[in-house]
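# Analysis of the macromolecular model
Letter by letter, the chains look like this.
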Amino acid sequence: LGALQGILDVGCNTLLIWVYRRDVSPYMNALHSFFGVGTFIAPIILAQTALLSGDIKIGYILIALMIIPVIIWITRQPTPSAQDQEEEAAEKGPQNLRKNVIVIVFTASILFFYVGAELGFGGWIYTYALESNLANTTTAAYLTSAFWGAFSIGRLASIPMATRLRPRSQMFADFAGIIAGMLIIILFSKSQIALWAGTMLVGFAMASVFPVTVTLAERRMVVTGQVTSMFFVGVGLGSMLMPWLIGQLIEPIGPLAVMYVILAAVLLNFLVFLGMLRFGSGEDKAT
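Residues numbered from 1 in each chain as written. Predicted model: local features only at pLDDT ≥ 70, side-chain atom pairs only at ≥ 80, totals over all residues. Heavy atoms only, no water.

### Focus on the overall build of the protein chain
Secondary structure assignment for the protein chain yields eleven helices and zero strands. When its helices and strands are written in sequence order, the protein chain yields α-α-α-α-α-α-α-α-α-α-α. Relative to the 2.2 N^0.38 estimate, which gives 19 Å for 287 residues, the radius of gyration of the protein chain is 20 Å and therefore close to what a compact globule would have. Its C-alpha atoms give the protein chain principal-axis dimensions of about 60 × 45 × 35 Å. (Helix = DSSP H or I, 4+ residues; strand = E, 2+ residues; numbered from the N terminus. Rg over C-alpha atoms; globule rule 2.2 N^0.38 Å.)

Structure, rendered in structure tokens:
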């Protein structure tokens, strides 16, 4: 399942870039907004099927059946031709191998820290709320839903924003919101209100980092399927290592270890983003 989802991620992102090219930004945000929608709907489907039938497997079968019409529709769409890619390469001028390697490394690094922080927060906020005595099991579950709900709203809001803001401006706003939300939670660690407010701010601000990062890379080089797969190496490593690191530190340090690790990852990510702007030359004109 993990391997096939990885292939699906690479394929969707790559094909969208091939189709819309320099105009991809709002479409990329739209694509990734449905990640948030899925994280909201899928647990409801599984919970309701388990409640009504007593068998959670029916929920998984139902979700699989929902994918079939999409597969049929996708197979009927024309595939971008090699000529399209040649035209794009000509528009961007001669491809510098050194510059491309720099862009790939910086993009994969940004996605490494971002996805690690996203999954670390979404996966550990429930435990953090319980261990900090700021919520019971029910309230902690609602807090997790609030994070993903704000995340979904943020990705939907990023669609019109992408048509008006340069990608770098959107990224600066995202990092400012994430850091502000994390500081609210850490500085007012005994406050339930601060926890809820910070959680929703972090979820909203995190939402567009992934699609905007891919858009930034597209502005700097020709993005192929092979290049996109390299980006997702960073995604896979971040999703594997960051939640694990939090788990190792939460007992010796306490529940605030969750927030410390995520804040550190976000700050490092911001530095990597600045490095990409400095060393990965390219234009970020608004669409």
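Having seen the model, we can carry on.
### Here we look at the side chain of Ser 189
Within the secondary structure layout, Ser 189 lies in the loop between helix H7 (167-187) and helix H8 (192-206). On the basis of relative accessibility, which here comes to 19%, the residue Ser 189 falls in the buried class. With near-sequence residues (within four places) excluded, Ser 189 lies in contact with Tyr 128, Leu 134 and Leu 256. (Buried < 20%, exposed > 50% of the residue type's maximum accessible area, 1.4 Å probe, protein only. Contact = heavy atoms within 4.5 Å.)

### Considering the packing of helix H2 (residues 25-53) against helix H3 (residues 57-75)
Contact pair H2 / H3: the axes reach a minimum separation of 8 Å and the direction vectors enclose 135°. One element, H2, and the other, H3, form an angle in the oblique class. Seen along the crossing, H2 lies across H3 with a hand that is right-handed. Residues Ala 42, Ile 45, Leu 46, Thr 49 and Ser 53 of H2 touch H3, and the partners they reach there are Ile 58, Gly 59, Tyr 60, Leu 62, Ile 63 and Met 66. (Axes fitted to C-alpha atoms, helices over the stretch in contact; angles between N-to-C directions. Parallel < 35°, antiparallel > 145°, perpendicular 65-115°, else oblique. Left-handed = near helix turned anticlockwise from the far one by under 90°.)

### Topic: empty space enclosed by the protein
Summed over the entire model, instances satisfying the criterion amount to one cavity of 30 Å³ or more. As a volume, the largest cavity reaches approximately 30 Å³. For the largest cavity, the full set of lining residues is Tyr 114, Ala 117, Phe 175, Ile 178, Met 206, Val 209, Val 266 and Asn 269. Taken together, the elements giving at least two residues each to the lining of the largest cavity come down to helix H5 (97-131), H7 and helix H11 (256-279). Residue composition of the lining of the largest cavity, grouped by class: seven nonpolar, one polar and no charged. (1 Å grid on protein atoms, 1.4 Å probe; cavity = no way out; pocket = protein on both sides within 12 Å on 5 of 7 lines; lining within 4 Å. Points joined across faces, edges and corners; volume = space filled by probe spheres on them. Nonpolar A, V, L, I, M, F, W, Y, C, P; charged D, E, K, R; others polar.)

### Here we look at the confidence of the model for the protein chain
Per-chain confidence: the protein chain averages 83 in pLDDT, with 91% of residues scoring 70 or above. Element-level mean pLDDT values for the protein chain span from 54 in helix H4 (residues 82-92) up to 95 in H8. (pLDDT = per-residue confidence, 0-100.)

### Details of the packing of aromatic side chains
Considering all chains together, one arrives at eleven aromatic pairs under this definition. On the numbers, 5.7 Å between centres and 35° between planes, the contact of Phe 175 with Phe 273 is tilted. A residue pair is termed long-range when its members are at least 10 positions apart, and Phe 175 in helix H7 and Phe 273 in helix H11 qualify at 98 residues. The same class applies to Phe 175 and to Phe 273, which are both buried. (Phe/Tyr/Trp six-rings, centres within 6.5 Å; stacked < 30°, edge-to-face > 60°.)

### What to know about the side chain of Thr 213
Note that Thr 213 resides in helix H9 (residues 209-220). The class for Thr 213 is buried, based on a relative accessible area of 0%. Of note is the side chain of Thr 213, whose polar atom sits 2.7 Å from the backbone oxygen of Val 209. Those residues in contact with Thr 213 that lie beyond four places of it in its chain are Thr 107, Ile 110, Leu 111 and Met 171. (Polar contact = N/O pair within 3.5 Å; in protein donor to acceptor, adjacent residues only side chain to side chain.)

### Comments concerning a nonpolar patch on the surface
Taken together, Ile 67, Val 70, Ile 71, Trp 73 and Ile 74 make up a surface patch of nonpolar side chains, about 510 Å² in accessible area. On the basis of relative accessible area, Val 70 is assigned to the partly exposed category, the value being 46%. (Patch = residues over 30% accessible without salt bridge, like charges linked within 9 Å, V, L, I, M, F, W, Y side chains within 5 Å. Areas by Shrake-Rupley, 256 points an atom, 1.4 Å probe, with all protein chains shown as cover. Salt bridge = Lys/Arg side-chain N within 4 Å of Asp/Glu carboxyl O.)

### So, H7
If you check H7, its first and last C-alpha atoms are 30 Å apart, about what 21 residues at 1.5 Å a residue would give, namely 30 Å. Every buried residue of H7 is listed here: Pro 167, Gln 170, Met 171, Asp 174, Phe 175, Gly 177, Ile 178, Ile 179, Gly 181, Met 182, Ile 185 and Ile 186. Against H2, H5, helix H6 (137-162), H8, H9 and H11 lie the buried residues of H7. (Expected span 1.5 Å × (residues − 1).)

### Quick look at the environment of Asn 133
With respect to the helices and strands, Asn 133 occurs in the loop between H5 and H6. Exposure remark for Asn 133: the relative accessible area of 68% places this residue in the exposed category. A C-alpha to C-alpha distance of 8.6 Å links Asn 133 and Lys 190, two positions 57 residues apart in sequence.

### Focus: the layout of surface pockets
In this structure, the largest pocket occupies an estimated 2800 Å³ of space. What lines the largest pocket is a set of 49 residues, and nearest its centre among them are Leu 8, Asp 9, Cys 12, Leu 31 and Ile 67. Only helix H1 (2-20), H2, H3, H5, H6 and helix H10 (225-253) provide two or more residues apiece to the lining of the largest pocket. In terms of residues, the lining of the largest pocket owes the most to one element, H1, which gives 15 residues. Tallied by class, the residues present in the lining of the largest pocket amount to 34 nonpolar, twelve polar and three charged.

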